[in-house]
Amino acid sequence: MRIARFSLEGNVAFGVLERDQLDIIVGHPFGEVERSGKQIPLAQVRLLPPVLPSKIVAVGRNYAEHAAELGNEVPEAPLTFLKPSTSVVGPADPVVYPPFSAEVHYEAELAVVIGRMCREVPVERAADVILGYTCANDLTARDVQQREKQWARAKGFDSSCPLGPWIETDLDPGDLGIQCTVNGEQRQLGRTADMIRSVPELIAHITEAMTLLPGDVILTGTPAGVGPLNVGDEVAVTIEGIGTLTNKVIKRG
């Protein structure tokens, strides 16, 4: 099923999306989903980020061609970093160009949404802790990333983690097409089959170190083709079987 989080007349709820109608969920989607039977047209609501994670655990250089295009080696172990919850925005929300950077790049990624609290998850049980998948854009202040020794500012600035448009729960992440366009022009085109480490491997690696909570998000890396964005650009991430996440870049102020 497709699960969306939305706002209508100041109220926030989750709903199951079917044929442009949202069937409102009673409570939240973590655990057994209970539908209310009340339906609202998708066109009448504002879509929000599909979850508000306590943390986003991102994986760098998980596609060999992307590592190579930036002059990096493929790491021996998954290269992980954190993005704060304040970096999250939803579909159609603006991305605010950070004033401390002159080179912000797009990075289209498959995002994994965790469905229950978990730690020390073995590879063979990873599917048990996944609620579903959504689109993500791991926006990066590339110039800041290159000159600072750690990536907190480069990867964690406000609005640097667009997520959406919804969560797809019935999906095999093993071989999905990923595309990024800027102003309608294709910039990235890849497949998740090219990931160096699979989704189950990433979950096992991450949960060796930290507990993941319901709604936490794992970003699984980006294919080759990353590049700069400018104020006024419209950037869209499309993932096969999920949909399209679109955001416009604006200037702060």
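Anything mentioned here points back to the structure above.
Residues numbered from 1 in each chain as written. Predicted model: local features only at pLDDT ≥ 70, side-chain atom pairs only at ≥ 80, totals over all residues. Heavy atoms only, no water.

Describing the sheet that holds strand β18 (residues 227-229)
Argument step 1. In spatial order, the strands read β13-β10-β18; together these three strands make up an open sheet with antiparallel pairing. Each of the sheet's edge strands pairs with one partner strand only, and the pair in question is β13 (140-141) and β18.
Argument step 2. As paired strands, strand β10 (residues 104-106) and β13 are joined by two bridges and run antiparallel to one another. Residue His-105 lies in a different strand from β13, and its bridge partner there is Thr-140. (Pairing = 2+ DSSP bridges. Helix = DSSP H or I, 4+ residues; strand = E, 2+ residues; numbered from the N terminus.)

A few points about the layout of surface pockets
With a probe scaled to a water molecule rolled over the atoms, the places where space remains empty come into view.
Argument step 1. In this structure, the largest pocket spans a volume of roughly 200 Å³.
Argument step 2. Along the wall of the largest pocket there are 17 residues; nearest its centre are Arg-61, Leu-70, Asn-72, Gln-145 and Trp-151.
Argument step 3. Secondary-structure elements contributing two or more residues to the lining of the largest pocket are β6 (56-60) and α2 (142-147).
Argument step 4. The biggest single contributor to the lining of the largest pocket is α2, with three residues.
Argument step 5. Each residue belonging to the lining of the largest pocket can be placed in one class, and the counts come to four nonpolar, seven polar and six charged. (1 Å grid on protein atoms, 1.4 Å probe; cavity = no way out; pocket = protein on both sides within 12 Å on 5 of 7 lines; lining within 4 Å. Points joined across faces, edges and corners; volume = space filled by probe spheres on them. Nonpolar A, V, L, I, M, F, W, Y, C, P; charged D, E, K, R; others polar.)

Considerations on helix α4 (residues 199-207)
Argument step 1. The set of residues buried in α4 consists of Val-199, Leu-202, Ile-203, Ala-204, Ile-206 and Thr-207.
Argument step 2. Against β6, β7 (79-83), β11 (108-114), β12 (130-137) and β17 (217-219) lie the buried residues of α4. (Buried < 20%, exposed > 50% of the residue type's maximum accessible area, 1.4 Å probe, protein only. Contact = heavy atoms within 4.5 Å.)

A word on the environment of Val-129
Argument step 1. Checked against the element boundaries, Val-129 lands in the loop between β11 and β12.
Argument step 2. Sequence separation between Val-129 and Ile-203 is 74 residues; the distance between their C-alpha atoms is 9.0 Å.
Argument step 3. Residues contacting Val-129, with those up to four places away along its chain left out, are Val-113, Ile-114, Gly-115, Arg-116, Cys-118, Val-121 and Ile-203.

Remarks on the sheet that holds strand β20 (residues 243-251)
Argument step 1. On the basis of which strands lie adjacent, the open sheet formed by five strands has the order β9-β20-β19-β15-β16 and mixed pairing. If you trace the sheet from one side to the other, it starts and ends with β9 (94-97) and β16 (185-191), each paired once. The mean angle between the axes of side-by-side strands here comes to 20 degrees, regardless of whether they run parallel or antiparallel.
Argument step 2. As judged from the four bridges shared by β9 and β20, these two strands associate in the parallel manner. Within β20, the position partnered with Pro-94 by the bridge is Lys-248. (Axes fitted to C-alpha atoms, helices over the stretch in contact; angles between N-to-C directions.)

Brief notes about the nonpolar core
Argument step 1. In this structure, Leu-110, Tyr-133, Val-199, Ile-203, Ile-239 and Ile-242 are the most contacted members of the largest nonpolar core, which totals 50 residues.
Argument step 2. Examining the composition of this core, we find that four residues originate from one element, β11, more than from any other.
Argument step 3. Sequence-distant contacts of Ile-203, that is, excluding residues within four places in its chain, are made with Val-112, Val-121, Ala-126, Val-129, Ile-130 and Ile-218.
Argument step 4. Counting residues in each nonpolar core, the second largest holds 19 residues, with Val-16, Leu-131, Val-217 and Leu-219 among its members. (Core = buried A, V, L, I, M, F, W, Y, C linked by side-chain atoms within 4.5 Å.)

A look at the pattern of salt bridges
Argument step 1. Within the structure shown, the criterion is met by 15 salt bridges.
Argument step 2. Between Glu-168 and Arg-2 there is a salt bridge, with the nearest N and O atoms lying 3.0 Å from each other. Residue Glu-168 is located in strand β14 (residues 161-168), and its partner Arg-2 is located in strand β1 (residues 2-8); the two are separated by 166 residues in the primary sequence.
Argument step 3. We classify Glu-168 as buried; its relative accessible area is 8%.
Argument step 4. Taking the relative accessible area as the measure of exposure, Arg-2 reaches 26% and is therefore partly exposed. (Salt bridge = Lys/Arg side-chain N within 4 Å of Asp/Glu carboxyl O.)

So, the packing of aromatic side chains
Argument step 1. Within the structure shown, the criterion is met by two aromatic pairs.
Argument step 2. Each ring, one from Phe-81 and one from Trp-151, has its centre 5.2 Å from the other, and the planes form 70 degrees; the classification is edge-to-face. Here Phe-81, found in strand β7, pairs with Trp-151, found in the loop between α2 and α3 (152-156); they are 70 residues apart in sequence, far enough to count as distant.
Argument step 3. Using a relative accessible area of 10% as the deciding quantity, one classes Phe-81 as buried.
Argument step 4. Taking 6.4 Å as the distance between ring centres and 80 degrees as the angle between the ring planes, the aromatic pair formed by Phe-100 and Phe-157 counts as edge-to-face. Residue Phe-100 is located in the loop between β9 and β10, and its partner Phe-157 is located in the loop between α3 and β14; the two are separated by 57 residues in the primary sequence.
Argument step 5. For the cation-ring pair, Arg-153 lies above Phe-100, with the distance from its terminal atom to the ring centre recorded as 4.6 Å. (Phe/Tyr/Trp six-rings, centres within 6.5 Å; stacked < 30°, edge-to-face > 60°. Lys NZ or Arg CZ within 6 Å of the ring centre and 35° of its normal.)

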